[in-house]
Amino acid sequence: MKKVHILFHDAGGGHRNAAVALQTVLTQQHRPWQVELVQFQELTDKLDVLRRLTGIRIQEQYNVILQNGWTLGATTLLRVLQATIRLFHNPLVGLLEDFWRKNPADLLISVIPHFNREIHESWDNVCPGRPFVTIITDLADFPPHFWIEPIKDQYIIAGTQRAVEQAKAIGHDDAHIFATSGMILRPDFYVPDNSDPLALRAELGLKPDLPTAIVLFGGHGSKVMFDITEQLDAANVPVQLILICGRNEQLAAKFRARKWRMPVNVIGFTKEIHKWMRAADFLIENLRRRFNEDELLRVLSEVPVQVIGLYELA
């Protein structure tokens, strides 16, 4: 039986979700493969410099940034992280090599950014000739040294044409690039569902006839969601919100403690995102600037009922 490793971490939430989704699909297809999920952070804790200094893992530091909406200067912090990774390149490769020797496999799949150079080098040193695949879980790469590396024999699975072109620009040929129709999702999102969106709204205590948005900022939520809700509430437009706070219990409590003029429903961590998306007319992922009432009304007037199509009010 062939053995497959899927390497993920818990920075954000999409990386674990992608790994679990892939493992689930492969299991459902009854392929003769043993598929194992490997938590990258646990393999490399010995070299986690931020954890030594602060007591918090790198992935947890990242989640704190997301939860608080601290995006200003994020690019600078990213480059500092990448410089640190390069500084610890050799020790990191050594740690990974030790793991591959003890846990060999026929195929390695990475659903994480930043570390693919180190992952590939260690894998190739221990398992030469065995394939290494990177599944990009973002709409595009953010070069340099983010998802795609200019290394030989890195297979790229990309969900957008932009990511495909980025892989080609770095030097990968068509034989190493596989285009898909979008981001990898759990099979739950593809199961036929005849649920009545109006009934789902009633289940949430919302009005069935009011335009409904679902506000989503990953598995760890973000205080930016509170800012978005305040703006919409102050504009007094005819809209109601489904607020997915994820594991951010402090944010959920803050929402529930506030009396809102518009109808809202606050949901914590859930595995039923697909269900609550069906209850919504559109998705708000991020609001980058303030909107006045006329602008919001114009946006809402263009939203087709029961179609999730607006990913960002920006």
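Residues numbered from 1 in each chain as written. Predicted model: local features only at pLDDT ≥ 70, side-chain atom pairs only at ≥ 80, totals over all residues. Heavy atoms only, no water.

1. Describing the sheet that holds strand β6 (residues 177–179)
One open sheet holds the 6 strands; their spatial order is β2-β1-β3-β4-β5-β6, and the pairing between them is parallel. Looking along the sheet, the strands with just one partner apiece sit at the ends: β2 (33–39) and β6. The sheet shows a mean angle of 20° between the axes of neighbouring strands, direction not considered. Pairing of strand β5 (residues 154–158) with β6, which is carried by 3 bridges, proceeds in the parallel orientation. Paired with A158 across the strands is A179, a residue of β6. Sitting on the sheet, helix α1 (residues 14–28) is in contact with β1 (2–8), β2, β3 (107–110) and β4 (132–135), with an inclination near 170° to β2. (Pairing = 2+ DSSP bridges. Helix = DSSP H or I, 4+ residues; strand = E, 2+ residues; numbered from the N terminus. Axes fitted to C-alpha atoms, helices over the stretch in contact; angles between N-to-C directions. Contact = heavy atoms within 4.5 Å.)

2. A closer look at the packing of helix α6 (residues 89–102) against helix α7 (residues 116–126)
Two elements in contact, α6 and α7, have axes separated by 8 Å at closest approach and are oriented at 45°. Here α7 runs oblique to α6, going by the angle between their axes. α6 and α7 meet at a crossing whose hand is right-handed. Contact residues: H89, L92, V93, L96, E97, W100 and R101 in α6; R117, E118, I119, E121, S122, W123, N125 and V126 in α7. (Parallel < 35°, antiparallel > 145°, perpendicular 65-115°, else oblique. Left-handed = near helix turned anticlockwise from the far one by under 90°.)

That's the geometry; what it means functionally is another story.
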